[in-house]
There are 2 protein chains.
Amino acid sequence: MKMEPSSSSSRADSTSEKLRREILDGLAAPGDLLAESAVARRLGVSRVPVREALFTLERDGLVEFSGTGRAYVKELSPRDFEELYVLRLTLEPVAGGLAAPTIRSDASALLKNIAATRKARTLGEVTRLDLEFHELILEMSGHARLLKLWRSIRSELEMWLGRLQRQHRGQKLDTREQTASSHEKLIQAFRSQPPSACERLSRDHIINWREWLPMQQGQK
Amino acid sequence: MKMEPSSSSSRADSTSEKLRREILDGLAAPGDLLAESAVARRLGVSRVPVREALFTLERDGLVEFSGTGRAYVKELSPRDFEELYVLRLTLEPVAGGLAAPTIRSDASALLKNIAATRKARTLGEVTRLDLEFHELILEMSGHARLLKLWRSIRSELEMWLGRLQRQHRGQKLDTREQTASSHEKLIQAFRSQPPSACERLSRDHIINWREWLPMQQGQK
DNA sequence: AATCCGAAAACGGTATACCATTCATGACTC
DNA sequence: GAGTCATGAATGGTATACCGTTTTCGGATT
């Protein structure tokens, strides 16, 4: 028998997860100092696991170190988001092409995700399931490093999307159905098209996603 | 006045560099255990910087951790190299397209690299300068994350190429002139072609590079 | 009021120590 | 001889302590 994988046994992991959540939820504002001792005291662990957690978060792009080794919550500019967008546009079509055969043989995980999306109760949940859908395709590509690279930008994407949501509370776009049906169409196409077309479809899907996003006015 | 950047002030950095070199030079064989205490004793530092160095090397793909936290020198299979090749094919054309305007305005760094390549005295030096040439393009793309992703696979590439070299000592291909002139042509083309063509040219350059490589017979 | 400066507090880098777990070795059993 | 189990060494995770550097802040100076 095993423990559920969510509750990590090591304090370094649970510390990085707690900090990640605080950053993604906006509790820790961009630019905030994450001092090792302070975090350690606050979370009731020693500095060692905190230190390790900060390195992890740096790898995930949520934290950056100053020249003197201090860790700060990273600031994300619209220009940063553009970079992330270009990377999705670069990585995901390749994954789509590679994953096409796998998806044709078994798309159950993707379909399950779509069903869950239709039952989502909050906008945040839709966003999470959306990213999970795309990560599933990366996994099905069978390209371990491609998946690793994609994961290395996932947290930054989540941070940006979370901020967007908090800024546009009022809007009641039906993102849920939009996302679900868009993903559904993508799978249908994947099942009937050759890999090269799957690349193009993946690309178009990202472009569409980008256009739906409510963007801020400030360019830079 | 500053210290030369090569000698890093922190022991964690110098430790990771020493280990990186040992792995790339084949002193540490794939599969070898890198026990924290043993490395610490051998290098005359405590376990703390060693631990940090091992995390760094894991990020760079030279080391992998077992489920119980032990660090081993990563095994690289031909299939792993295929993944790396696909990633170059994915990332570098995008960088080429983005870097085109910058290169047109100032290609001096690239030209300098080519000149150095022509003066290289060992095959290993040619390889290093080759990778540096491509990294320069990534830098000139102005896309910080694209560069970061490329760097995250650079060490693995170096490891593979180093192993190839050691396996094919006898061959006396004139890689030096081949590399230099190929890079020269690429720059010339970059200067006269639109960004979309630069993407294609970058892609072709990588494909050519791949075909020149002496590959092993074993597929898996 | 603005600037400079020095002392104290905060902070990061590293070493050492402790403990639970894992791993390797050899004896023992069948 | 193959498999099993116990024991001790090796190993990683974490806490704590020390030290040099950086940062902060209040007071002196202009």
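Residues numbered from 1 in each chain as written. Chains lettered and ligands numbered in written order. Predicted model: local features only at pLDDT ≥ 70, side-chain atom pairs only at ≥ 80, totals over all residues. Heavy atoms only, no water.

S.K.: Residue-level account of the protein's contact with DNA strand C, with values.
M.R.: Not every one of the 18 residues close to DNA strand C is listed here, only the nearest: Glu-36, Arg-47 and Arg-51 of chain A together with Arg-11 and Ser-46 of chain B. Between DNA strand C and Arg-47 of chain A, the relevant distance is 2.7 Å, taken from a base oxygen to a side-chain nitrogen or oxygen of the residue. Between DNA strand C and Arg-51 of chain A, the relevant distance is 2.6 Å, taken from a phosphate oxygen to a side-chain nitrogen or oxygen of the residue. Counting only elements with at least two residues in the surface near DNA strand C, the list comes to helix 3 (47-59) of chain A together with helix 1 (11-24) and helix 3 (47-59) of chain B. At 3 residues, the largest contribution of residues to the surface near DNA strand C is made by helix 3 of chain B. (Near = heavy atom within 4 Å. Polar contact = N/O pair within 3.5 Å; in protein donor to acceptor, adjacent residues only side chain to side chain. Helix = DSSP H or I, 4+ residues; strand = E, 2+ residues; numbered from the N terminus.)

S.K.: Can you tell me about helix 8 (residues 175-192) of chain B, naming the residues and giving the values?
M.R.: Residues and elements named next belong to chain B. Taking 1.5 Å of rise per residue, the 18 residues of helix 8 would be expected to cover 26 Å, and the 26 Å separating its terminal C-alpha atoms lies within 8% of that figure. Of the residues making up helix 8, those classed as buried are Thr-179, Ala-180, Ser-182, His-183, Leu-186, Ile-187, Ala-189 and Phe-190. On its buried face, helix 8 sits against helix 4 (78-105), helix 5 (108-118), helix 6 (123-140) and helix 9 (195-212). (Expected span 1.5 Å × (residues − 1). Buried < 20%, exposed > 50% of the residue type's maximum accessible area, 1.4 Å probe, protein only. Contact = heavy atoms within 4.5 Å.)

S.K.: Could you give an account of the protein's contact with DNA strand D, naming the residues involved and the relevant values?
M.R.: Every one of the 18 residues lining DNA strand D counts as a neighbour, but Arg-11 and Ser-46 of chain A together with Glu-36, Arg-47 and Arg-51 of chain B are closest to it. Side-chain polar atom of Arg-70 of chain B to a sugar or linking oxygen of DNA strand D: 3.4 Å apart, as the coordinates give it. When residues of the surface near DNA strand D are traced back to their parent elements, those giving at least two are helix 1 (11-24) and helix 3 of chain A together with helix 3 of chain B. The dominant element in the surface near DNA strand D, judged by the number of residues it contributes, is helix 3 of chain A, at 3 residues. Class assignment for the residues of the surface near DNA strand D results in 6 nonpolar, 5 polar and 7 charged. (Nonpolar A, V, L, I, M, F, W, Y, C, P; charged D, E, K, R; others polar.)

S.K.: Give a description of the interface of chain A and chain B that names residues and reports values.
M.R.: Contacts between the two partners involve 25 residues from chain A, matched on the other side by 25 residues from chain B. Here chain A and chain B share an interface that buries about 2100 Å² over both sides, 55% of which is from carbon and sulfur atoms. Counting every contact that joins chain A to chain B gives 8 salt bridges. The salt bridge involving Arg-51 of chain A is made with Glu-52 of chain B; its shortest N-O contact spans 3.3 Å. For the side of chain A that touches chain B, the secondary-structure elements that each account for two or more residues are helix 3, helix 4 (78-105) and helix 7 (144-167) of chain A. No other element matches helix 4 of chain A, which puts 9 residues into the side of chain A that touches chain B. In the side of chain A that touches chain B, the residues fall into 10 nonpolar, 4 polar and 11 charged. (Buried area = accessible area lost by both parts, 1.4 Å probe. Salt bridge = Lys/Arg side-chain N within 4 Å of Asp/Glu carboxyl O.)

S.K.: Give a description of the domain arrangement of chain A that names residues and reports values.
M.R.: Residues and elements named next belong to chain A. When the domains of chain A are assigned, the result is domain 1 (11-73) and domain 2 (78-212). Placing a centre on the C-alpha atoms of domain 1 and another on those of domain 2 gives a separation of 28 Å. Every contact between the two is made by 11 residues of domain 1 and, on the other side, 7 residues of domain 2. Across the domain 1 to domain 2 interface the summed buried area is about 680 Å²; carbon plus sulfur atoms make up 52%. Inspection of the region where domain 1 meets domain 2 yields 0 salt bridges. Taken together, domain 1 and domain 2 are joined by 2 residue pairs in polar contact (both at pLDDT 80 or more). Broken down by element, the residue count for the side of domain 1 that touches domain 2 peaks at 4 residues, all from helix 1. Residues belonging to the side of domain 1 that touches domain 2 are distributed by class as follows: 4 nonpolar, 2 polar and 5 charged. (Domains from an automatic or database assignment.)

S.K.: I'd like a rundown of the nonpolar core, residues and numbers included.
M.R.: Residues Ile-23, Leu-34 and Trp-209 of chain A together with Ile-23, Leu-34 and Trp-209 of chain B are the most contacted members of the largest nonpolar core, which totals 80 residues. Setting aside residues up to four positions removed in sequence, Trp-209 of chain A forms contacts with Phe-81, Tyr-85, Arg-88, Asp-130, Leu-157 and Leu-161 of chain A. (Core = buried A, V, L, I, M, F, W, Y, C linked by side-chain atoms within 4.5 Å.)

S.K.: Can you tell me about the environment of Leu-33 of chain B, naming the residues and giving the values?
M.R.: Residues and elements named next belong to chain B. Mapped onto the secondary structure, Leu-33 falls in the loop between helix 1 and helix 2 (36-43). Residue classification places Leu-33 among the partly exposed positions, given a relative accessible area of 43%. As for Leu-33 and Leu-91, which are separated by 58 residues in sequence, their C-alpha atoms are 32 Å apart. With near-sequence residues (within four places) excluded, Leu-33 lies in contact with Arg-70, Ala-71 and Tyr-72.

S.K.: Can you break down the packing of helix 1 of chain B against helix 3 of chain B residue by residue, with the values?
M.R.: Residues and elements named next belong to chain B. Interhelical geometry of helix 1 versus helix 3 gives an angle of 55° and a closest axis separation of 8 Å. With respect to each other, helix 1 and helix 3 are oriented oblique. Crossing handedness for the pair helix 1 and helix 3: right-handed. Here helix 1 contributes Arg-11, Ala-12, Thr-15, Ser-16, Leu-19, Arg-20 and Ile-23 to the contact with helix 3, which in turn contributes Pro-49, Val-50, Glu-52, Ala-53, Leu-54, Thr-56 and Leu-57. (Axes fitted to C-alpha atoms, helices over the stretch in contact; angles between N-to-C directions. Parallel < 35°, antiparallel > 145°, perpendicular 65-115°, else oblique. Left-handed = near helix turned anticlockwise from the far one by under 90°.)

S.K.: Account for the side chain of His-134 of chain A, with residues named and values stated.
M.R.: All names here are of chain A. Mapped onto the elements, His-134 comes out in helix 6 (residues 123-140). Take His-134: its relative accessible area is 4%, and that puts it in the buried class. In terms of polar contacts, His-134 uses its side chain to reach the side chain of Glu-92, at 2.7 Å. With sequence-adjacent residues up to four places away left out, His-134 is seen in contact with Arg-88, Glu-92, Trp-150, His-183, His-205 and Ile-206.

S.K.: Just give me the short version of the packing of aromatic side chains, but keep the residues and values in it.
M.R.: Residues and elements named next belong to chain A. If you walk through the whole model with that rule in mind, you get 6 aromatic pairs over all chains. For the pair Phe-81 and Trp-160, a centre-to-centre distance of 5.2 Å together with 15° between the ring planes defines the contact as stacked. Here the residue Phe-81 occupies a position in helix 4, and Trp-160 occupies one in helix 7, the gap between them amounting to 79 residues. The two residues Phe-81 and Trp-160 agree in class, both being buried. (Phe/Tyr/Trp six-rings, centres within 6.5 Å; stacked < 30°, edge-to-face > 60°.)

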